[in-house]
Amino acid sequence: MEKIVLLPTPTTPKVVFDAETGLLEISGKSLPENSIDFFQPLHTWLDSYTADPNEVTNLVFKLEYFNTSSTSHFLKIIKKVEKLFDMGKNAGVLWYYDHEDEDMKEAGEDFKMLVKLPVEIIGTDFIGS
Amino acid sequence: MSTIPLQISEKLRESNLVFAYRGRINGDAIGSLLQLAESRLKSMEPIQKRKKNVLNVLIEGMQNMYYHGKGTPNSPNPVLPIDYGMVGFGLEDNAVMVYTCNLATQEQKAKLETNISRLNALSKTELHQLYLETLDKGGLSPEGGAGLGLIRMRRESGNPLLVNFVPVSDNIFVFCLTVTVDQIYSQVPAAITPQS
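Just so we're clear, the structure is a prediction, and the values are computed from it rather than from any experiment.

Peer 1: Outline the overall build of chain B, supporting the account with residue identities and numerical values.
Peer 2: The number of helices and strands found in chain B is six helices and five strands. Sequence-ordered secondary structure for chain B, helices as α and strands as β, is α-β-α-α-β-β-α-α-α-β-β. For chain B, with 196 residues in total, the buried portion stands at 34%. Looking at chain B alone, contacts between residues at least 24 apart form 71% of all its contacts between residues at least 6 apart.

See the structure below:
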């Protein structure tokens, strides 16, 4: 499967989805003008990936800001990866947050409450510019 | 903007306005405005958590203006495009007041009044529960909104959302929302302490 690599912009995140390694990473700022247009290709890619996934899948979030329209898509992405977990694959979410950003930590905890998939909430020193 | 009511303009002048923008709210504007707002906020040196609360309120406010501006029918004012709005924030005592204004129809007004009234009556726990339930339902409007914006603004603020609708024509209003993020300083700096 072709890798997805999207460079970050002032309003859209960096995205790297690599089927060979099972590493799916979304980082930076997520405030897309049209969230449906931005995230639909990612959902489509994931649908193909989950049909033939890597043995290990890590969905990594390292976000600075996001709007609630993005939140809805993040949950959709997390639930697609959850299907792998339900199939017995090694799959989980790594939710990174800046130590000073309680809101981002709470956002990760919210997702954790809504899925059965393992979600690890990891404080780090610095995210973003 | 000739249709912005006088009392709103006066309110903005009264507050210690730190940041204000009047014009089209679109994707390009949101990115630039957020950078500028963040820079202005940083210079105020608020508590980190409250700075983030203000920025999140701004993000949601601008997102709502963008999404709902797209849904507003042709403006009765030929000079006023449908995605025209106003966003800003000012300092009042130990709080940042975030202001957004945009056009709304009668139908949108009715929904907003009901929705905001309901949100203002909820406790912190109830708001969190509502947020999780709405998120889990997962629907998106045709414009791409998830129905979470006002909930998030209410949660980030911790205070009731203040609304004002000013009629422009029979079916069009200027919808102004004021969101208060208080306790932005652990100790109020001398520069903003009222003189006795």
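Resuming the write-up.
Peer 1: Explain the overall build of chain A to me, and be specific about the residues and the numbers.
Peer 2: The secondary structure content of chain A amounts to three helices and six strands. In sequence order, the secondary structure elements of chain A are arranged as β-β-β-α-β-α-β-α-β. For 129 residues, the compact-globule estimate of 2.2 N^0.38 gives 14 Å, and chain A sits close to it at 14 Å. Considering only C-alpha atoms, chain A reaches an extent of 35 × 25 × 20 Å along its principal axes. The 129 residues of chain A split such that 40% are buried. By sequence separation, contacts in chain A at least 24 residues apart represent 67% of the contacts at least 6 residues apart.

Peer 1: For the sheet that holds strand β2 (residues 84-92) of chain B, give the residues involved together with the corresponding values.
Peer 2: Strands in a sheet are paired, the pairing made by backbone hydrogen bonds, and the direction either parallel or antiparallel. All names here are of chain B. A sheet is described by the order of its strands in space; here five strands give the open sequence β1-β2-β3-β5-β4, paired in antiparallel fashion. Strands at the two margins of the open sheet, each flanked by one partner only, are β1 (16-24) and β4 (162-167). Averaged over all pairs of adjacent strands, the angle between strand axes in this sheet comes to 15°, irrespective of strand direction. This element, helix α2 (residues 27-44), spans β1 and β2 of the sheet and lies at about 175° to β1.

Peer 1: Explain the nonpolar core to me, using residue names and the numbers behind them.
Peer 2: Residue and element names in this part refer to chain B. In terms of nonpolar packing, the biggest core is built from 65 residues, with Val54, Leu58, Met62, Val98 and Phe175 touching the most fellow members. If one sorts the elements of this core by residue count, helix α3 (residues 48-71) sits on top with nine residues. Beyond its immediate chain neighbours, meaning those up to four positions away, phenylalanine 175 contacts Cys101, Asn102, Ala104, Lys109, Leu112 and Phe165.

Peer 1: An account of the interface of chain B and chain A is needed here, citing residue identities and associated values.
Peer 2: Taken residue by residue, the interface counts 24 residues in chain B and 22 residues in chain A. The set of elements that each furnish at least two residues to the side of chain B that touches chain A consists of α2, α3, α5 (124-137) and α6 (149-157) of chain B. For the side of chain B that touches chain A, the element with the highest residue contribution is α3 of chain B, accounting for eight residues. Here the side of chain B that touches chain A is composed, by residue class, of eight nonpolar, 11 polar and five charged.

Peer 1: Give me the lowdown on the packing of helix α3 (residues 102-114) of chain A against α5 of chain B, citing residues and values where you can.
Peer 2: Look at α3 of chain A against α5 of chain B: their axes get within 11 Å of each other, and the N-to-C directions meet at 65°. Relative to α5 of chain B, α3 of chain A is oriented so that their crossing is right-handed. Here Asp110, Met113 and Leu114 of chain A of α3 of chain A lie close against α5 of chain B, whose contacting residues are Leu132, Leu135 and Asp136 of chain B. Among the residues making up the contact of α3 of chain A with α5 of chain B, the classes are represented as four nonpolar, no polar and two charged.

Peer 1: Which residues make up the pairing of strand β2 (residues 14-18) of chain A, and what are the values?
Peer 2: Residues and elements named next belong to chain A. Of the two faces of β2, the one lined by Val15 and Phe17 is fully buried and the one lined by Lys14, Val16 and Asp18 carries no buried residue. Note that strand β1 (residues 4-6) and β2 share three bridges and pair antiparallel. In the strand pairing of β2, isoleucine 4 is matched with phenylalanine 17. The pairing of β2 with strand β3 (residues 23-30) spans five bridges and is antiparallel. By the bridge assignment for β3, phenylalanine 17 is matched with leucine 24. Taking the residues that link successive antiparallel strands as the turn, the β2-β3 hairpin has four residues, and the phi of glycine 22 there is positive, at about 75°.

Conventions and cut-offs
- Residues numbered from 1 in each chain as written.
- Chains lettered and ligands numbered in written order.
- Predicted model: local features only at pLDDT ≥ 70, side-chain atom pairs only at ≥ 80, totals over all residues.
- Helix = DSSP H or I, 4+ residues; strand = E, 2+ residues; numbered from the N terminus.
- Buried ≥ 20, exposed ≤ 12 C-beta atoms within 10 Å, placed from the backbone.
- Contact = placed C-beta atoms within 7 Å.
- Rg over C-alpha atoms; globule rule 2.2 N^0.38 Å.
- Pairing = 2+ DSSP bridges.
- Axes fitted to C-alpha atoms, helices over the stretch in contact; angles between N-to-C directions.
- Core = buried A, V, L, I, M, F, W, Y, C linked by C-beta atoms within 7 Å.
- Nonpolar A, V, L, I, M, F, W, Y, C, P; charged D, E, K, R; others polar.
- Left-handed = near helix turned anticlockwise from the far one by under 90°.

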